[in-house]
Amino acid sequence: MRAVRALVAFAPPWVVVVVVLAVAAGLLVAPVQAAPNATIAKDARLAGDRERTRFIADLSKKVDVHVFALGNPYRVIVDAADVSFQMPPGIGKEQRGLVTAFRYGLFAPGKSRIVLDVSGPFLIDKSFVLEARDDQPARLVIDLVPTDEKTFQASLREARQAAVEKASLPLPAAPVRPADAKPIIVLDPGHGGVDPGTSSPNGVTEKVVVLKFAEELKKKLLATGRYEVYLTRNDDTFLPLKDRVAFAQKKGAGLFLSIHADYFPTKIDDARGATVYTLSEEASDDEARELAAKENFSDAIAGVALPDDSDGVVANILIDLAQRETQNRSVVFARSIVGELAGKTILHTKRLRSAGFRVLKAPDVPSVLLELGFLSNPDDEKELTSERWRDRMADSVAEAIDDYFAERIARMPF
Ligand SMILES: [Zn+2]
């Protein structure tokens, strides 16, 4: 019952009432009686000073912990599964360095939590768990260093961003398919529903143009008999960016093509033609960065909770090593589109551009984003809405897809 007492000692009165009631009703299992293989936290202490404050907890064995910072008020949270607290009574009230107090207890069934109260903005400089050695117990060690408010807030945002990225990229196991199965292509008409995308001065909307194009391209690809083809959306429905990515992963897609149309908002209204983009951590140029920010904003327009970027348009993202191979293939495909389009239609630029497009983030699906043209340009607008153009353009992209799958790299297993 020590953990319960510990909670009671530091908790506001209403929590005390709830805890007491819960104990009375036998609802709260005292962590002391947790599963026999639970890790036991036997002691904890603070060391150091305001320049570097160290929190140490002695554990019966090594345990996985999740350590993160919270603001308002400043806190460090340590979460672990099944830790039974058998700490000496009365600890946690001592103030030392940056830490004004700490407390611990069950946070949810099977989930234990330690909370450190911190006096001001800080950074978690280090956190690790040491294996038990000789006569030393296993140890959880957390080092805190002071920082300014701005840096603290930035670190919170970064951590939240990482959590969102992680949560938004579940890796559904792609169905196992025979080696000679047809490649699966997922076409992704951008925007939809509440998010119209960009629109021309005459009111032609991106979401309509790109859906029509995707339907045409699907028809042509199916006609070859060589592919399985799916659209992320088949009607005027909104779909969050991460769901588009997950859709391609779930289908086990060998290729993902996100289809959009751009708008150039400045006086220079002669920007026209198609542009091909791939994913990169750093944008290839300002125009690519702005475009990625615009496209990534789709979720915000539709009211989906955004990753917590302060300006909502941060387009830089991290690509891990496992994605490099996927990236290589994406670039091969992108080049193949540029090659096909170069002779047959107007290209805004022959250069491959890249930026942090969230919709291209599937780590295991080569992904390219194609901007069909500029709705801000009257000539492009005419083309984007004409059946003849759509037919020609879809032919070219279908050929680019053929070219891509003719490459050895496209057929190699990951
Ligand atoms: Zn778009």
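A brief look at the structure comes next. (Residues numbered from 1 in each chain as written. Predicted model: local features only at pLDDT ≥ 70, side-chain atom pairs only at ≥ 80, totals over all residues. Heavy atoms only, no water.)

## A few points about the packing of aromatic side chains
Here the structure, examined in full by the defined rule, presents nine aromatic pairs. Here Tyr74 and Phe152 contribute two aromatic rings whose centre-to-centre distance is 5.1 Å and whose plane-to-plane angle is 75 degrees, an arrangement assigned as edge-to-face. With Tyr74 in the loop between strand 3 (65–70) and strand 4 (75–81) and Phe152 in helix 3 (residues 149–168), this residue pair connects regions lying 78 residues apart in the sequence. Relative accessible area serves as the criterion here: at 0%, Phe152 is assigned to the buried category. Ring centres 5.0 Å apart and planes at 75 degrees place the aromatic pair Tyr404 and Phe405 in the edge-to-face group. (Phe/Tyr/Trp six-rings, centres within 6.5 Å; stacked < 30°, edge-to-face > 60°. Helix = DSSP H or I, 4+ residues; strand = E, 2+ residues; numbered from the N terminus. Buried < 20%, exposed > 50% of the residue type's maximum accessible area, 1.4 Å probe, protein only.)

## A closer look at the pattern of salt bridges
Inspection of every chain in the model, using the stated rule, returns 24 salt bridges. We note a salt bridge from Asp188 to Arg244, for which the minimum N-O separation is 2.8 Å. With Asp188 in strand 10 (residues 184–189) and Arg244 in helix 5 (residues 241–251), this residue pair connects regions lying 56 residues apart in the sequence. Overall, the relative accessible area of 1% leaves Asp188 in the buried class. By relative accessible area, which is 1% here, Arg244 ends up buried. Taken together, the salt bridges that share partners define one network made up of Arg52, Arg54, Asp125, Lys126 and Asp143. (Salt bridge = Lys/Arg side-chain N within 4 Å of Asp/Glu carboxyl O.)

## Points about the coordination of the zinc ion
The zinc ion binds to the protein through His191 (NE2), Glu206 (OE), His260 (ND1), Glu295 (OE) and Glu295 (OE), with metal-donor distances spanning 2.0 to 2.4 Å. The sequence pattern describing where the donors of the zinc ion fall on their chain is H-x14-E-x53-H-x34-E. Residue His191 is located in the loop between strand 10 and helix 4 (206–224), and its partner Glu295 is located in helix 6 (residues 286–296); the two are separated by 104 residues in the primary sequence. By relative accessible area, which is 7% here, Glu295 ends up buried. (Donors = N, O, S within 2.8 Å, 3.2 Å for Na, K, Ca; no water.)

## So, the sheet that holds strand 11 (residues 228–231)
With mixed pairing, six strands are arranged side by side in an open sheet as 11-10-12-15-13-14. The strands lining the two open edges of the sheet, one partner per strand, are strand 11 and strand 14 (353–355). Strand after strand, the sheet turns through a mean of 25 degrees between neighbouring axes, direction not considered. Bridge analysis of strand 10 against strand 11 gives four bridges, and the strand direction is parallel. Bridge pairing links Val186 to Tyr230 in strand 11. Contacting strand 10, strand 11 and strand 12 (255–262), helix 5 crosses the sheet at an angle of about 165 degrees to strand 10. (Pairing = 2+ DSSP bridges. Axes fitted to C-alpha atoms, helices over the stretch in contact; angles between N-to-C directions. Contact = heavy atoms within 4.5 Å.)

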